[in-house]
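# Structure at a glance
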Amino acid sequence: MATDSSLPRTHTQMSARHAPRRRLRVVLWIVVALLALVLIALAASLFWLRSITRAALPQLDGDIHVAGLSAPVTVRRDAHGVPHIDAQTQDDLFFAQGYVTAQDRLWQMDMFRRNSEGTLAEVLGHALLLHDETQRVLQIARTAQRIYDHLDAQDRTFFDDYARGVNLYIAQHRDALPPEFRLLHYTPAPWTGEDSIAVGLMMVQTLDTRAATKLGRGTVEARLGHDPKLISDLYPVGSWRDHPPTGLETDLGAPEPAPLPAPRKKGDEEGDEEPPSQTQLTPFSGAPPSLRTLLALLGLPTCSGCAAGSNEWVIAGSHTASGKPLLSNDMHLAFAVPGIWYMADLYSHGGAPGFHAAGVTLPGFPYVIAGHNEHIAWGFTAMMADVQDLYYEQLDGKGNYEGVDGQWHPLAVDREVIRVRGGSDVTLDVQSTDHGPLVNPILAAVHGAGTRPLALKWNLYDPAFNALPVYQMDTASDWSEFSSALSAWAWPAQNTVYADDQGHIGYHAVGKVPLRPNGMTDAPIADHAHEWQGYIPFDALPQAFDPPSGFLATANSRVTTDQSPYPLTDEWIDPYRIERIYKALDGRDQLTPKDMLAVQTDIYSELDQEMGQRFAYAIDHTPGPEGNGDPRMRQAADLMRSWDGRLAADSAAASVETLARAALWRMILLPKLGNALGDYHWAESTFAEEEIVMHAKPEWLPSGYQDWNALLTAAVRKGMENGRAPANLAAWTYGSWHTIDIEHPLERFLPFLGHVLGTGPQPIGGDTITVKQIGSDVAPSQRFTMDWSNVDASTENIVLGESGNPLSPYFKDQWSDWLNGATFALPFTPGAVAAEARHTLRLLP
């Protein structure tokens, strides 16, 4: 039947027509409802997170009744939240230190002990299993237990006092723990004295580990055909720029040999080498994955040219405006949220012996690590002493190894059980010889291949060393007592500077450094001729007291001289920081604390300025479009030749030069080392580069380049490509890419926390060889200057703040000062502390 389209539609027809629209509306309403639910859930989560974070804020005023005290303890906090703890007895003092530190840093303390003892996977899952296996192989927890078991009675009592304070805080705040515990759904285990020792050993591991370098060096030497000239070029031992802390007056005006090389053509004798592959020339910002993983597992910085170092110096009153000594110290360590140090002032006034020391403490460890007391001040830098060796071992496949005596002995086996969150427990049998643990499980995990049995010998494993003389150092009143305390110092190997209220200054290297009669080895050992024969006597280590120059300084570079009776290491850190410190301070008079801060924050680099001049010279003498025929290359040369050498965040020349130097080093090394490039790691590698380039050593000029000018010019171009330089190089500021970004440890697991807890990328000046050492994972962790003319005007600041709670006013209140090179006074005398107090808390029995 025919239909008339003009007739009215039926209800059914109209419903069919509108059905898709209704379905679309339903879908949209469902989407809106789901989105609303997500937003509500997100808001509820944020409200919950904020609520538990606020609930975890510590009580800073009023009274808290606690069990375990013999008398009231007063905790005054100054404008930066630094606790000034006043107790009548030392037992109460260290109990209160544990309690107060837990108020601000409990989760960090738990992470520190888990990091050291190898129990991170228990709360963070499988991603940390390799780390935990590494720590178990290195026997850190077992060593901590051994040391704790052999502490003298007084130290053991104070470590236990500290643990009691931490545990009381945990017990009182089980429903208001730091938010990280709530997010990860776990409660901290009771604190122990062994945990405090393990936290201390975390620092030993960071500062005394040299094994990774030795593993790689053998590979590099083989790749170089064991050519002694090439090996010595890549692995310098000290330099002409060094300034050992002898305290003798020096002439810093004498020129040193750093000649500008004349253009030299490359001979044909190395023409068999392939030219560098341009597709591989990425910025040389770190070691390749295998070594980078190993360095990270061993607690070492992974960025190229980075090392956990420090600066320190002490100036006699004859060179200061006040006539009293000045001492400065800034320790360069890995950074995180919160920072590694916790500032504190510890005072016990109720009788003899008294205790009053202030400075930085290590969360989880009692006492003051670096700072001052009423009579002396001290600071530290890493000495770089070689206290580890690797030994190839002979195994019979039946559970035995061949000992030094040529006899077979059973391997010691320690069974480790690693708990893994969300997974099954992992059992690991750690085998050891008389040298130490076999580290093959670590190497197999990192490199994915087996190696010959290799044991790690480390002075940390020597059962004769169980003293941690920090208390004795904190309570010393003069150089004699201070030196006596340090004579028992075993690890980490350190340089220590000293100044006292009587006007004396001093320096002493400390640590148990092995005696190696047959010389040091920088690769794994395959014979019995290189066994240790005791340790260097304390009195034979480098030292100085009231030197003629009135000035002493160290910055991780060479501290021995040609007259030193014993070698300490073959691997010192690049000498540029110490050279700059000497040129800035040695021989000057009327010095003030302001001058100290200016040097601590100094970003001038003589080497970078010289290299900038050399790059400019190369471009000038390289004709054609690859060199001075390119306007952009001419602009790069002009920027570098007029540069003042300061690696300032707003400097364009700093961008051009630093990335050119990074590209150049890879272009030099890659043809020689090939796939062994990742095994090259040396703390003086920058000096190695300087010597090779400035002396235009022909054996290092890659084939494919007519002369060194051509190579340096190509490196400038490559650096600009790697850094994605803009067309106008003048707009390419150093700070546009050279930044510091401090992250919370949980950011990798909960990325949204990074925007709340971290700093975000911030432009920053300096580099790894400026006094203000800045690397991708290393920076000054604190800055301290002791002024014996006014103790209360002495300054100390850390990177972020005292608190680990993001809602605390003391969470990041020091960040701006640190970033901008400012500092503040740390009150010390009772009157100054009372005057500066912003909060007062009493802990009552």
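Higher on the page you've got the structure.
Here the structure is a predicted model, which means the values were calculated and not measured. (Residues numbered from 1 in each chain as written. Predicted model: local features only at pLDDT ≥ 70, side-chain atom pairs only at ≥ 80, totals over all residues. Heavy atoms only, no water.)

For the structure on display, the rule yields 27 aromatic pairs. Seen from their ring centres, Phe365 and Tyr367 are 6.4 Å apart, and the 75° between their planes marks the pair as edge-to-face. Across the pair, Tyr367 and Phe365 agree in class, each one buried. Considering the side-chain rings of Trp458 and Tyr461, the 5.5 Å spacing of their centres and the 75° angle between planes classify their relative orientation as edge-to-face. The rings of Phe94, Phe158, Phe159, Phe355, Phe365, Tyr367 and Tyr471 are connected pair by pair, giving a single aromatic cluster. Here the guanidinium or amino end of Lys457 rests over the ring plane of Trp532, the centre of that ring lying 4.9 Å away. For the cation-ring pair, Lys672 lies above Trp700, with the distance from its terminal atom to the ring centre recorded as 5.5 Å. (Phe/Tyr/Trp six-rings, centres within 6.5 Å; stacked < 30°, edge-to-face > 60°. Buried < 20%, exposed > 50% of the residue type's maximum accessible area, 1.4 Å probe, protein only. Lys NZ or Arg CZ within 6 Å of the ring centre and 35° of its normal.)

Moving on, we get to the side chain of Gln388. Considering the arrangement of structural elements, one finds Gln388 in strand 10 (residues 388-392). There is a polar contact of 2.8 Å between the side chain of Gln388 and the backbone nitrogen of Arg210. (Helix = DSSP H or I, 4+ residues; strand = E, 2+ residues; numbered from the N terminus. Polar contact = N/O pair within 3.5 Å; in protein donor to acceptor, adjacent residues only side chain to side chain.)

Taken together, the 11 strands give an open sheet; going across it, the order is 1-25-2-3-6-7-8-9-16-17-18, and neighbouring strands pair in mixed fashion. Of all the strands in the sheet, just strand 1 (62-65) and strand 18 (543-545) have a single pairing partner and so form its edges. Mean inter-strand twist for the sheet, computed between neighbouring axes without regard to direction, equals 15°. Here strand 17 (residues 505-510) runs beside strand 18; their pairing, made up of three bridges, is antiparallel. (Pairing = 2+ DSSP bridges. Axes fitted to C-alpha atoms, helices over the stretch in contact; angles between N-to-C directions.)

This part covers unusual backbone geometry. In the segment running from Val337 into Pro338, the intervening peptide bond is cis, with an omega of -10°. Here Pro338 is to be found in the loop between strand 5 (326-333) and strand 6 (342-348). The peptide bond linking Trp491 to Pro492 adopts the cis configuration, its omega dihedral lying at -5°. You can see Pro492 is positioned in the loop between helix 14 (479-486) and strand 16 (494-500).

Mapped onto the elements of the fold, Asp160 is located in helix 6 (residues 153-172). Along the sequence, Asp160 and Glu194 sit 34 residues apart, while their C-alpha atoms lie 9.1 Å from each other. Excluding residues within four positions of it along the chain, Asp160 makes contact with Tyr148 and Gly193. (Contact = heavy atoms within 4.5 Å.)

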